[in-house]
Amino acid sequence: MVMIFAHRGYSAKYPENSLLAFNKAVEYGADGFELDIHLTKDEQIVVIHDHTINRTTTGRGKIAEMSFDEIQQFNIKKGLFNVTDKKVPLLSDVLDIVKKHNKLLNIEIKSEAGKIEDKLHELLTRYDIIDQIIISSFNIESLVKMEALDSSYETALLFDRYHKSPWDYKTSHKIKSIHPNAKHITIDHLVELEHNELPARVYTVNKEKDLKTWISSSITGIITDEVERAVHLKRMKKIES
C-alpha cells in the first residue's frame, strides 16, 4: 500500500518543520515525515527548509553563519504574520519522535555537498534506525557521499522536472529510488520505473482527485501537506479493496 509522508510535518495546518507539525502527523496517521536539514555554524543539524531563517522565523540570517543558540532566539512563523511559540528544532528532536512511534523519515539534504553528510551519518548511526530513513536531495553528490558512508542507506534523487530515464542514476550512481515532482511524472511512467525496479515517491500531492489517483497506483509513497485528507483516502481505498 502507498505510504503517506507528511511534507515538512503536517504543514497544511501547523508550522512547517516544527515539532508540533511532526507530532500532529503522528496523531493523524501519517506513515512518516519529510523534512529538510541544514548545518549551523557550530555544526548542529537543524530542521528548516531555506538557507536563511528569514521566511519561516521572526529573525534574519543565513543558517550557515549562525549558531544553534542564535537561531533559538527566534520563533517559527505560520505564514507571513502568525508568530508561534515554536523554535527551529534539531534533527535529533525529530529522530526521537521517529524512534518512539516507529515512523519512516525522509531527510532532504539542503546543505552544500560535503558539509553535512558525515555529521548526519554519525547521528543516524547513534539512533540505530537506518532502516527507517530515506535520504533525498537534488544534489547527487550528497547522495553518493551517504552511499559511500553506508551502502544500506535508501537514497532518493529529487527531480523538479521531467526526466526521460531516471533509472540511469541507479546504474551510474547507485541511487535506490527517486522523488519526482508529481506534475512531471505520469501513471504510465510507473510501468517503466517498475521494469527498472526503481521505487518512486511523488511530491507534493494535495488535491483530493490527485491523491486518489496516486493512492490507486503502484507508486511507493506520496509526500503531502494534507495529512488528514491523504490518510482518510488511503483508509477508504484499503476498505474498498
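Every value quoted in this text rests on a predicted model; they were computed, and no experiment measured them.

1. Some words on the overall build of the chain
- For the chain, the helix and strand inventory stands at 9 helices and 11 strands.
- Computed over C-alpha atoms, the radius of gyration of the chain comes to 17 Å, within 12% of the 18 Å expected from 2.2 N^0.38 for 241 residues, which places it in the range of a compact globule.
- The principal-axis extents of the C-alpha atoms in the chain amount to approximately 50 × 40 × 30 Å.
- Of all 241 residues assigned to the chain, the portion counted as buried reaches 52%.
- Counting only contacts in the chain whose residues sit at least 6 apart along the sequence, the fraction spanning at least 24 positions is 53%.
- Entry remark: accessible area of the chain is about 11800 Å², with carbon and sulfur atoms responsible for 49%.
- Each charge class in the chain can be summarised by its mean position, and for the 34 positive and 37 negative side chains these summaries are 4 Å apart.

2. Here's the deal with the UniProt feature "domain: GP-PDE" (unreviewed entry) in the chain
- According to UniProt, the "domain: GP-PDE" (unreviewed entry) feature falls on residues 2–234.
- As a span, residues 2–234 carries 33% helix and 20% strand, and end to end its C-alpha atoms are 8 Å apart.

3. Quick notes on the nonpolar core
- Core analysis: the biggest nonpolar cluster contains 59 residues, and Phe33, Leu91, Leu105, Ile107, Leu120, Ile135 and Ile222 have the highest contact counts within it.
- Sorting elements by how many residues they give to this core places helix H3 (residues 91–101) first, with 5 residues.
- Once residues within four sequence positions are removed from consideration, Ile135 is found in contact with Ile107, Ile109, Leu120, Leu124, Leu143, Met146, Tyr153, Glu154, Thr155 and Ala156.

4. Quick word on the pairing of strand S11 (residues 221–224)
- Neither face of S11 is exposed, since Gly221 and Ile223 on one face and Ile222 and Thr224 on the opposite face are all buried.
- Here strand S1 (residues 3–7) runs beside S11; their pairing, made up of 4 bridges, is parallel. What sits directly across from Met3, in S11, is Gly221.
- By the bridge criterion, 2 bridges tie strand S10 (residues 201–202) to S11 in an arrangement that is parallel. Across the sheet, residue Arg201 finds its bridge partner in S11, namely Gly221.
- Assessed by its sense of winding, the connection that carries the chain from S10 through helix H8 (residues 208–215) to S11 is right-handed.

5. Some details on the pattern of salt bridges
- The final tally for this structure, using the stated rule, is 16 salt bridges.
- For Glu228, the salt bridge is made with Lys13, and the minimal N-O distance between the two is 2.9 Å. Of this pair, Glu228 sits in helix H9 (residues 227–240) while Lys13 sits in the loop between S1 and helix H1 (19–27), and the two are 215 residues apart along the sequence.
- As a salt-bridge pair, Lys212 and Glu208 come within 3.4 Å of each other at their nearest N and O atoms. A residue pair is termed a helical-turn pair when its members lie 3 or 4 positions apart in one helix, as Lys212 and Glu208 do in helix H8 at 4 residues.

Criteria and thresholds
Residues numbered from 1 in each chain as written. Predicted model: local features only at pLDDT ≥ 70, side-chain atom pairs only at ≥ 80, totals over all residues. Heavy atoms only, no water. Helix = DSSP H or I, 4+ residues; strand = E, 2+ residues; numbered from the N terminus. Rg over C-alpha atoms; globule rule 2.2 N^0.38 Å. Buried < 20%, exposed > 50% of the residue type's maximum accessible area, 1.4 Å probe, protein only. Contact = heavy atoms within 4.5 Å. Areas by Shrake-Rupley, 256 points an atom, 1.4 Å probe, with all protein chains shown as cover. Lys, Arg positive; Asp, Glu negative; His and termini not counted. Charge placed at Lys NZ, Arg CZ, Asp CG, Glu CD. UniProt positions renumbered as here; feature names shortened; annotations may be inferred. Core = buried A, V, L, I, M, F, W, Y, C linked by side-chain atoms within 4.5 Å. Pairing = 2+ DSSP bridges. Right-handed = clockwise from strand over helix to strand, strands pointing away. Salt bridge = Lys/Arg side-chain N within 4 Å of Asp/Glu carboxyl O.

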